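Results of the structural survey
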Amino acid sequence: MLLHPDRYWWLMPGSLIAAFFWQFWPLGITIRQWTPDALVLVTIYWTLRRPQQMHLGWVFLIGLLRDGIEGTPLGANTLALIVIAYAVQLLHQHIRLFA
C-alpha cells in the first residue's frame, strides 16, 4: 500500500527537473569537469527502473530541450541520449541481472 507506483508519479519529472538544475547550475570550470552528466544518469536510471514509462520519445524531448538550453546544434545531445537509452533498453535484463 505504501509503495504503490501511482502514488509516486512525481518522482520521474521531479528528478529530471533536479537533473536539469544540476546540469546547468553555474559552477567553476575546475568543478564542472569532475561532475557527472546528471541528465544521462537520470535517463539511465529511469530507463532501467521503468522502461515502459521512459521510452525514446521522452528521451528525444529531453535531448532537444538540453540542446536548446546549451545552445548546441539541435540533435547533438538528442542523438547521444537516444543511443544510450536504446542500448539500456536492449540490455536492461542483463544489466539488472549483473547489478
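Quick note: structure is the one above.
The notes below deal with the structure included here. (Residues numbered from 1 in each chain as written. Predicted model: local features only at pLDDT ≥ 70, side-chain atom pairs only at ≥ 80, totals over all residues. Heavy atoms only, no water.)

**Details of helix 1 (residues 11-24)**
Put simply, the rule reads: Only DSSP runs of H or I reaching four residues or more are called helices, and only runs of E reaching two or more are called strands; each is numbered from the N terminus. The span one expects for a helix is its residue count, reduced by one, times 1.5 Å. Relative accessibility thresholds used throughout: buried, under 20% of the residue-type maximum; exposed, over 50%; partly exposed, between the two (1.4 Å probe, protein chains only). The arc refers to the directions leading from the helix axis to the C-beta atoms. Contacts are assigned to residue pairs that have any heavy atoms within 4.5 Å of one another.
The first and last C-alpha atoms of helix 1 sit 20 Å apart over 14 residues, in line with the 20 Å expected at 1.5 Å per residue. Those residues of helix 1 that sit buried are Met12, Leu16, Ala19, Phe20 and Gln23. Down the axis of helix 1, the buried set is contained in an arc of 100°. They therefore lie on one face. Buried residues in helix 1 make contact with helix 2 (29-32), helix 3 (38-49) and helix 4 (56-70).

**A few points about the packing of helix 1 against helix 3**
In a pair of packed helices, the angle between the axes and the distance between the axes together describe the arrangement. To be explicit about the condition: Axes here mean lines fitted to C-alpha atoms, for a helix over just the part in contact, with angles spanning 0 to 180 degrees between N-to-C directions. Relative orientations are named as follows: roughly parallel for angles under 35 degrees, roughly antiparallel for angles over 145 degrees, roughly perpendicular for angles from 65 to 115 degrees, and oblique for any other angle. Should the near helix be turned anticlockwise from the far one by less than a right angle, the crossing is termed left-handed; should it be turned clockwise, right-handed. Gly counts as polar in this scheme, as do all residues outside two lists: the nonpolar Ala, Val, Leu, Ile, Met, Phe, Trp, Tyr, Cys and Pro, and the charged Asp, Glu, Lys and Arg.
Put simply, helix 1 and helix 3 touch, their axes get as near as 8 Å, and they point 160° apart. Accordingly, the angle class assigned to the pair helix 1 and helix 3 is roughly antiparallel. Note on packing geometry: the crossing formed by helix 1 with helix 3 is right-handed. Of the residues in helix 3, those in contact with Leu11, Met12, Ser15, Leu16, Ala19, Phe20, Trp22 and Gln23 of helix 1 are Ala38, Leu39, Val42 and Trp46. Considering only residue class, the contact of helix 1 with helix 3 consists of 10 nonpolar, 2 polar and no charged.

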